[in-house]
Amino acid sequence: MTNAPLLRVAGLAVAYGGIRAIKGIDFEIYAGETVTLIGANGAGKTTTLRAITGLVPPAAGSIRFNGHDSTSATSFSLVQQGLAMVPEGRGVFPQLTVSENIAMGAYVRNDKAAIANDVERVFSLFPRLRERSQQSAGTLSGGEQQMLAIGRALMSRPKLLLLDEPSMGLAPVIVQKVFEVIESIAREGVTILLVEQNANLALRASDRAYVLESGLITIAGKSVDLLADPKVRAAYLGE
Ligand code: ATP
């Protein structure tokens, strides 16, 4: 690939008080790729996503998104530029209905007709959400809430979709379903950064991957190669 990456993270460091959660990492994502960041609890995966989305300020390094320096951009302007995040724990608005939650995802847009089309696209991607469109989001199952969070994120028409542990707390059959959806979104051309502890599924669903350990990237490569790597298999694939 000769084009500039859609996202380039260079020398990124993040500290919480005296705790250095990210200690200088470099990675990039090209348009059309699905890239996975795997790592154990506390490795710094969520912190990396929070830095990319402007929720925590980097202590060092730079972030470039979509041709612009976004190191100190606000979350709002990043959404406008095409960044969307599905946070760990989903973050749906429990008192609002499914339809209202989906509508919230389009808050940076004002193209009404296209928004209506995109609502239709979300409902065809997730027929279960259409059936439950008037139900309050807080009463949905965990899997349905994950689908809703992804559907809501798609409403901003993201160029890059960040997914933080979408499999968390879901039954295996639902996890399978969530990954099928992620792969179909990727096939539609959305670039995806997937953060996962479920390394097996995440590596199977992605093109490339990075392993994060205690705030540093220790392994990088094609996902198929990582699936076959003895170190990755021993540490992350339960072998
Ligand atoms: P998990 O898979 O458990 O969510 P993670 O890889 O996403 O883990 P982070 O949540 O990024 O890890 O946390 C990285 C480190 O930063 C951890 O040691 C954590 O305790 C610390 N940390 C995270 N958020 C804060 C905070 N707000 N204040 C202080 N320390 C924090």
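Presented here is an overview of the structure given in this document. (Residues numbered from 1 in each chain as written. Predicted model: local features only at pLDDT ≥ 70, side-chain atom pairs only at ≥ 80, totals over all residues. Heavy atoms only, no water.)

This part takes up the overall build of the protein chain. Helix and strand counts for the protein chain stand at ten helices and ten strands. Rg of the C-alpha trace for the protein chain: 17 Å, near the compact-globule value of 18 Å for 239 residues, within the 12% margin. Projected onto its principal axes, the C-alpha positions of the protein chain cover 45 × 40 × 40 Å. Across the 239 residues in the protein chain, those meeting the buried criterion constitute 51%. A separation of at least 24 residues holds for 68% of the contacts in the protein chain among residues at least 6 apart in sequence. Summed over its atoms, the accessible surface of the protein chain is roughly 11,000 Å², and 53% of this surface lies on carbon and sulfur atoms. Seen as two clouds, the 23 positive and the 22 negative side-chain charges of the protein chain have centres 2 Å apart. (Helix = DSSP H or I, 4+ residues; strand = E, 2+ residues; numbered from the N terminus. Rg over C-alpha atoms; globule rule 2.2 N^0.38 Å. Buried < 20%, exposed > 50% of the residue type's maximum accessible area, 1.4 Å probe, protein only. Contact = heavy atoms within 4.5 Å. Areas by Shrake-Rupley, 256 points an atom, 1.4 Å probe, with all protein chains shown as cover. Lys, Arg positive; Asp, Glu negative; His and termini not counted. Charge placed at Lys NZ, Arg CZ, Asp CG, Glu CD.)

Next up on the list: the sheet that holds strand 4 (residues 60-65). Pairing in this open sheet of four strands is antiparallel, and the strands run 2-1-4-5 from one edge to the other. Edge positions in the sheet fall to strand 2 (19-29) and strand 5 (68-69), since each has one partner strand and no second. Pairing between strand 1 (residues 7-16) and strand 4: five bridges, direction antiparallel. Within strand 4, the residue paired with valine 9 across the bridge is isoleucine 63. Of the strands in this sheet, strand 1, strand 2 and strand 4 are in contact with helix 1 (residues 45-52), which crosses strand 1 at around 115°. (Pairing = 2+ DSSP bridges. Axes fitted to C-alpha atoms, helices over the stretch in contact; angles between N-to-C directions.)

For the rest of this paragraph, the subject is the side chain of asparagine 101. Tracing the backbone through its elements, the reader meets asparagine 101 in helix 3 (residues 98-104). Residue classification places asparagine 101 among the buried positions, given a relative accessible area of 0%. Among the polar contacts listed, one links the side chain of asparagine 101 to the backbone nitrogen of phenylalanine 93, at a separation of 2.8 Å. What asparagine 101 contacts, discounting residues up to four positions off in sequence, is Val92, Phe93, Leu96, Ala137, Leu148 and Arg152. (Polar contact = N/O pair within 3.5 Å; in protein donor to acceptor, adjacent residues only side chain to side chain.)

Let us now look at helix 1. The buried fraction of helix 1 is high, at six of eight residues. Every buried residue of helix 1 is accounted for by Lys45, Thr47, Thr48, Leu49, Ala51 and Ile52. Following helix 1 by one or two positions, glycine 54 has its phi on the positive side, about 80°.

These values are about where atoms sit, not about what they do.
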